[in-house]
Amino acid sequence: MKLTSFSIDGRPTFGAVVDQNVYDLGGVDPEINDLRQFLADPFDVPDVLTSVPSYPLAAVDLLPVIPNPEKILCVGLNYESHRLETGMPEMEHPVLFTRFSSTQVASGQPIIRPTVSEKLDFEGELAVIIGKGGRHIAEKDAFDHVAGYSCYNDASIRDWQMHTRQFTAGKNFDNTGAFGPWMVTRDQINDADLPNQTVTTRLNGEQVQHSAFSDFIFDIPALISYISTFCTLVPGDVIVTGTPGGVGVVRKPRLYMKPGDVIEVEISGVGLLRNPIAQEPSIDK
């Protein structure tokens, strides 16, 4: 099943994507108004599809899959190919940083290059959406806490990222975290087959990143177990699992996204996230 968040006539809601239509689930239960609430208290979607409004997918405005997660936890240097291209040493624990939900954009919406930098880099990634919360989750139980998967572009302002040892500034510019177009529920991809799925990033149609998830340094159970040791995961939390080799900052010459470009992140078995690049308007000081 594919689930997404969207707005219709200015009203935010969520729904199930079937073929090229989206079925509005926002009115089924008055206590469940968004996808995060649905993940915390799900109902049987197939039972209600014939009784809810539906719209052509092209007629709605998509929102980030989870517009309002309590937490977005991002993993750095989690592909061996990316670790090697950056020259970083092997790590005993995952490199983690956070992204604010206010930085997110939906599939189809522009990623914004800020006025203060031209070093807007692409990072195609798999997003894991938590469905069942918990603390101190064992690796053997971790997949039971996964609601599903989506595409993410953890676009980075590289010079601001490198201002200090902390990544926060370069990872939290407005309108830089693309998330969508939907999540596929965990039952659509067998847990054991997940390492064989791939992520591909294309800039203006040219492939710039491609890897299977077998290149993860820390797999999904390891990440969930580690993260849940220091914080309680709740439904709707998002773990952005890292990007493979090929990022623009290590290329010669370096390759950054610029206004007018189109960036795509495609994950096999999940979907295609597509965003144009636009320039932030100049600021008069």
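Since this is a predicted model, take the numbers as computed values, not measurements.

Draft legend 1. Here's a closer look at the pairing of strand E15 (residues 198–203). In this sheet, strand E16 (residues 206–212) lies alongside E15 in antiparallel orientation, the contact comprising six bridges. Paired with valine 199 across the strands is serine 211, a residue of E16. In textbook terms, the turn of a hairpin is the stretch between consecutive antiparallel strands, and for E15 and E16 this stretch comprises two residues, one of which, asparagine 204, has a positive phi near 55 degrees. Of the strand pairs in this sheet, E15 and strand E18 (residues 262–267) are connected by five bridges, and their pairing is antiparallel. Residue threonine 201 lies in a different strand from E18, and its bridge partner there is valine 265.

Draft legend 2. Layout of the pattern of salt bridges. All chains considered together, the criterion is met by 16 salt bridges. The partner of aspartate 191 in a salt bridge is arginine 186, and the shortest N-O contact between them spans 2.5 Å. Residue classification places arginine 186 among the partly exposed positions, given a relative accessible area of 23%. For arginine 202, the salt bridge is made with glutamate 264, and the minimal N-O distance between the two is 3.7 Å. With arginine 202 in strand E15 and glutamate 264 in strand E18, this pair connects stretches of sequence that are 62 residues apart. Judged by its relative accessible area of 22%, arginine 202 is partly exposed.

Draft legend 3. Focus on helix H4 (residues 220–230). With eight of 11 residues buried, H4 lies mostly within the body of the structure. Looking at H4, one finds that the buried residues are Ile220, Pro221, Ala222, Leu223, Ile224, Ser225, Ile227 and Ser228.

Draft legend 4. Spotlight on the environment of glycine 108. Along the chain, glycine 108 turns up in the loop between strand E8 (104–105) and strand E9 (111–113). Not counting residues up to four positions away in its chain, the partners in contact with glycine 108 are Arg274, Asn275 and Pro276.

Draft legend 5. Inspection of the sheet that holds E16 at higher detail. Spatially, E9-E19-E18-E15-E16 is the arrangement adopted by the five strands of the open sheet, whose pairing is mixed. Every other strand in the sheet has two partners, leaving E9 and E16 as the edge strands with one partner each. Looking at each pair of strands side by side, their axes are set apart by 20 degrees on average, direction ignored.

Draft legend 6. Region of the structure containing the side chain of glutamine 161. Within the element layout of this structure, glutamine 161 appears in helix H3 (residues 158–161). Here glutamine 161 falls in the buried class, since its relative accessible area comes to 4%. Within the structure, the side chain of glutamine 161 is placed 2.8 Å from the side chain of arginine 158, a separation counted as a polar contact. Discounting chain neighbours no more than four positions away, the residues touching glutamine 161 are Ser156, Gln166, Phe167, Gly170 and Lys171.

Draft legend 7. How the structure looks around the side chain of serine 7. Note that serine 7 resides in strand E1 (residues 2–8). For serine 7, a relative accessible area of 12% puts it in the buried group. Excluding anything up to four places from it in sequence, serine 7 contacts Pro12, Val60, Asp61 and Leu63.

Parameters and conventions
- Residues numbered from 1 in each chain as written.
- Predicted model: local features only at pLDDT ≥ 70, side-chain atom pairs only at ≥ 80, totals over all residues.
- Heavy atoms only, no water.
- Pairing = 2+ DSSP bridges.
- Helix = DSSP H or I, 4+ residues; strand = E, 2+ residues; numbered from the N terminus.
- Salt bridge = Lys/Arg side-chain N within 4 Å of Asp/Glu carboxyl O.
- Buried < 20%, exposed > 50% of the residue type's maximum accessible area, 1.4 Å probe, protein only.
- Contact = heavy atoms within 4.5 Å.
- Axes fitted to C-alpha atoms, helices over the stretch in contact; angles between N-to-C directions.
- Polar contact = N/O pair within 3.5 Å; in protein donor to acceptor, adjacent residues only side chain to side chain.

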